[in-house]
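Observations on the three-dimensional arrangement
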Amino acid sequence: CVVVFFLQVLNEKKLQEVDSLWKEFETPEKANKIVKLKHFEKFQDTTEALAASTALVEGKLSKNLKKILKKIVAKDAHEQLAVADAKLGGVIKEKLNLSCIHSPMVTELMRGIRSQIEGLITGLPSREMAAMCLGLAHSLSRYKLKFSPDKVDTMIIQAISLLDDLDKELNNYIMRCREWYGWHFPELGKIITDNLAYCKCVRKVGDRSNFASSDVSDILPEEIEEDVKAAAEISMGTEVSEEDINNIIHLCDQVIEISEYRTQLYDYLKNRMMAIAPNLTVMVGELVGARLIAHAGSLLNLAKHPASTVQLLGAEKALFRALKTKRDTPKFGLIYHASLVGQSNAKNKGKISRMLAAKTALTIRYDALGENTSAEMGAENRLKVETRLRLLEERGIRRISGTGKALAKTDKYQNKSEIKVFDPSGDSTLPVVSKKRKIQEVDEQDTEVAVKA
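The rules we used
Residues numbered from 1 in each chain as written. Predicted model: local features only at pLDDT ≥ 70, side-chain atom pairs only at ≥ 80, totals over all residues. Heavy atoms only, no water. Helix = DSSP H or I, 4+ residues; strand = E, 2+ residues; numbered from the N terminus. Buried < 20%, exposed > 50% of the residue type's maximum accessible area, 1.4 Å probe, protein only. Contact = heavy atoms within 4.5 Å. Areas by Shrake-Rupley, 256 points an atom, 1.4 Å probe, with all protein chains shown as cover. Axes fitted to C-alpha atoms, helices over the stretch in contact; angles between N-to-C directions. Parallel < 35°, antiparallel > 145°, perpendicular 65-115°, else oblique. Left-handed = near helix turned anticlockwise from the far one by under 90°. Nonpolar A, V, L, I, M, F, W, Y, C, P; charged D, E, K, R; others polar. Patch = residues over 30% accessible without salt bridge, like charges linked within 9 Å, V, L, I, M, F, W, Y side chains within 5 Å. Salt bridge = Lys/Arg side-chain N within 4 Å of Asp/Glu carboxyl O. Lys, Arg positive; Asp, Glu negative; His and termini not counted. Charge placed at Lys NZ, Arg CZ, Asp CG, Glu CD. Polar contact = N/O pair within 3.5 Å; in protein donor to acceptor, adjacent residues only side chain to side chain. pLDDT = per-residue confidence, 0-100.

**Here we look at the overall build of the protein chain**
- Counting its secondary structure elements, the protein chain contains 21 helices and four strands.
- Looking at the 453 residues of the protein chain, the share that counts as buried comes to 33%.
- Expressed as a percentage of contacts within the protein chain between residues at least 6 apart in sequence, the contacts between residues at least 24 apart total 62%.
- A total of about 30000 Å² of accessible surface is found on the protein chain, and carbon and sulfur atoms cover 53% of it.

Listed below in structure tokens is the structure:
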């Protein structure tokens, strides 16, 4: 069984000394001089105790606690009730009109009561008390893990992590498949650029000599199929054994299976994101939204971040490196991969990412703490960001045109050619006027001097 009990304070003067209150609970004898057992009641089973405990954790008033408090109100209505949770005290005061108190003194008092609980409640062996506490703790932990709405986004975190792992593995497998089969048919890799079509083609045909008699129209278009068949006849690749081909085909099977599972996992992630965070999904997309949730740890943790933190999530190393070296800080993190940031030009990416982060922070809080599951708010905020992006782009066009009101207009092109004649005077570095004076100039100057004299 699990019990609930109430204690009455005997000496209120000693409670005023908060710093030395712990000394009054050093022994059970001292503790009995401070508080005494007021009311004692046990639960019928662990289920009833679990329901009462979960109600206390959530700050709610259970039925059993309400009945007991009504009895106390009828007897001692003038006394105050010390509560460890201020939220619970507010609920008790509102529903039962009972005066409640919550302060550091109450916290120290609760700590002292917990340390001497076995001496204050007689008739309960310490072994049974420990077993009851352990059983209730396990039940409460299981309930939190099972029913907590905060744990639902764990599926999103696992799904996006697995999706990234699958992409890495697919890239490695496809690169290995192309390199391996390239020794036998190197021209095929240049003709077929799609990785999945390449693996399906190799799995269906096998040896390159079978391309002439094989029909791959269900995988490739007609033009590419003809190019593949023509390249297979004049291929420069080496001959391989049937065992090598079988191993390559087995690798192609793995690539196709992983690709199909990735598509299925992406659809699952999209549905989960629309169910848990619809407004966030509308704003930045399911992949970016899921990565933001995974980076923060949960949707509730992400809702606690300000818009400036949401903008730089994923760029922590670059941020601290910029602060350390006193350079420009980054303008975006994971939010850079959102479609709205990708649509903007390089000059406006910082502004759009800042506005998108502000609107995204609002949608995250709405999804995490709101009760409405519609995506109208996300659609409205996305429209505002798109309008802002359009205005920024148009403003740039107006500046180029030279007028602030009209858009840029392209004039009709007219070719104006000018024939320039070569100037030979630029070739010489010597001065144009000679420094030597002529004889006539000297005679004229001498005459002018004589006249003046």
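**Regarding helix α14 (residues 286-296)**
- Turning to α14, its buried residues are E286, V288, G289, A290, L292, I293 and A296.
- Packing partners of the buried residues in α14 comprise α8 (154-182), α12 (242-276), α13 (278-284), α15 (299-303) and α16 (307-312).

**Things to note about the packing of helix α10 (residues 195-205) against α12**
- Following both chains from N to C, one finds α10 and α12 inclined at 140°, their axes separated by 9 Å at the closest point. As the angle between them shows, α10 and α12 are arranged oblique. Regarding α10 and α12, the two cross each other, and that crossing is left-handed. Across the interface between the two elements, L196, C199, K200, V202 and R203 of α10 pack against I248, I249, C252, D253, V255, I256 and S259 of α12.
- In terms of residue class, the contact of α10 with α12 is built from eight nonpolar, one polar and three charged.

**Some points on a negative patch on the surface**
- Taken together, the side chains of E222, E223, E226 and D227 make up a negatively charged region of the molecular surface.
- Mapped onto the secondary structure, D227 falls in helix α11 (residues 222-233).

**Focus: unusual backbone geometry**
- The backbone of K326 shows a phi angle near 60°, a positive value even though the residue is not glycine.
- Residue position: K326 is located in the loop between α17 (316-325) and α18 (339-343).
- For K326, a relative accessible area of 77% gives the class exposed.

**What to know about the environment of T54**
- Structurally, T54 can be placed in helix α2 (residues 46-57).
- Residue T54 is classed as buried on the basis of its relative accessible area of 10%.
- As for T54 and L140, which are separated by 86 residues in sequence, their C-alpha atoms are 7.1 Å apart.
- Leave out the neighbours within four places in its chain, and T54 touches L140 and Y143.
- At 2.8 Å, the side chain of T54 forms a polar contact with the backbone oxygen of A51.

**Structural notes on the confidence of the model for the protein chain**
- When pLDDT is averaged along the protein chain, the result is 81; 81% of the residues meet or exceed 70.
- Scored below 50 in pLDDT, residues 404-408 shows eight contacts in the model against residues more than four places distant or in partner chains.

**Section: the pattern of salt bridges**
- In total, this model carries ten salt bridges according to the counting rule given.
- A salt bridge links E179 to R176; its shortest N-O distance comes to 3.5 Å. Of this pair, E179 and R176 both sit in helix α8, three residues apart, roughly one helical turn.
- Note on E179: relative accessible area 44%, which makes it partly exposed.

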